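Architecture at a glance
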Amino acid sequence: MKKRLVIGISGASGASLAIRLLHAMRVHGEDWETHLVCSDAARRTIEHETPHSQEEVQTMADVAHDIGNVGASIASGSFKTEGMVVIPCSMKTLAGIAHGYADNLLIRAADVTLKERRKLLLLTRETPLHMGHLNNMVTAASIGAVIMPPVMTHYIKPETVADLEWHIVGKALNEFGLELPQYKRWQGMPASRRAQVL
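Notes on the structure in this doc start here. Fair warning: this is a prediction, and the values are worked out from it, not measured in the lab.

Some words on the sheet that holds strand β1 (residues 3–9)
On the basis of which strands lie adjacent, the open sheet formed by 6 strands has the order β3-β2-β1-β4-β5-β6 and parallel pairing. The two strands at the open ends of the sheet, each matched to only one other strand, are β3 (63–65) and β6 (145–147). Mean inter-strand twist for the sheet, computed between neighbouring axes without regard to direction, equals 20°. Judged from the 3 bridges that link them, strand β2 (residues 32–38) and β3 form a sheet pairing that is parallel. When the bridges of β3 are listed, Leu36 appears paired with Ala64.

Okay, here's the thing in structure tokens:
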């Protein structure tokens, strides 16, 4: 039986991260099944920030669910998954998850992930952050979510935005035990460079 990963896309900026994640999961298609749910605002962001439509993005997943279908398979804890990643995660979606306000399928699926003690990864996307945002992150973390803002990594010496995005996606998939070739792990600073820093 294939392992299942639920992927949620909210309306925050950074839709290309979700698209790269879906592409990366295709490599593991023999062993993994992806279930996608997009918020209403995600459609606008996808079409504004990428060359794709929401419908095209949905075809990248094995199964695409309608945001209003709270009776979908991923709305039940009896539907076994390895967990869920919300990429990107808007502050509105974060607030709904943190406070259990499951008024759509994306938040309901996240709520189910938490109650079943499965991994929930939130790539929260906003800056600067006010105390309400920060408090919601603390609340979500306290009930089991992993907060992973998609911050830039400089030790990989990125040459393109794509390099940064692939690294973030690799870091996210690492949480589920999946390896991405584009994900460059820190190998330690060379001795010659350490001497220069010191």
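On we go.
Some remarks on the packing of aromatic side chains
In this structure the tally under the stated criterion is 1 aromatic pair. Look at Tyr155 and Trp186: their rings are 5.2 Å apart centre to centre, the planes differ by 75°, and that puts the pair in the edge-to-face class. One end of the pair, Tyr155, is in the loop between β6 and α7 (161–174); the other, Trp186, is in the loop between α7 and α8 (191–197), and 31 residues separate them in sequence. For Tyr155, a relative accessible area of 35% corresponds to the partly exposed category.

Calculation notes
- Residues numbered from 1 in each chain as written.
- Predicted model: local features only at pLDDT ≥ 70, side-chain atom pairs only at ≥ 80, totals over all residues.
- Heavy atoms only, no water.
- Pairing = 2+ DSSP bridges.
- Helix = DSSP H or I, 4+ residues; strand = E, 2+ residues; numbered from the N terminus.
- Axes fitted to C-alpha atoms, helices over the stretch in contact; angles between N-to-C directions.
- Phe/Tyr/Trp six-rings, centres within 6.5 Å; stacked < 30°, edge-to-face > 60°.
- Buried < 20%, exposed > 50% of the residue type's maximum accessible area, 1.4 Å probe, protein only.

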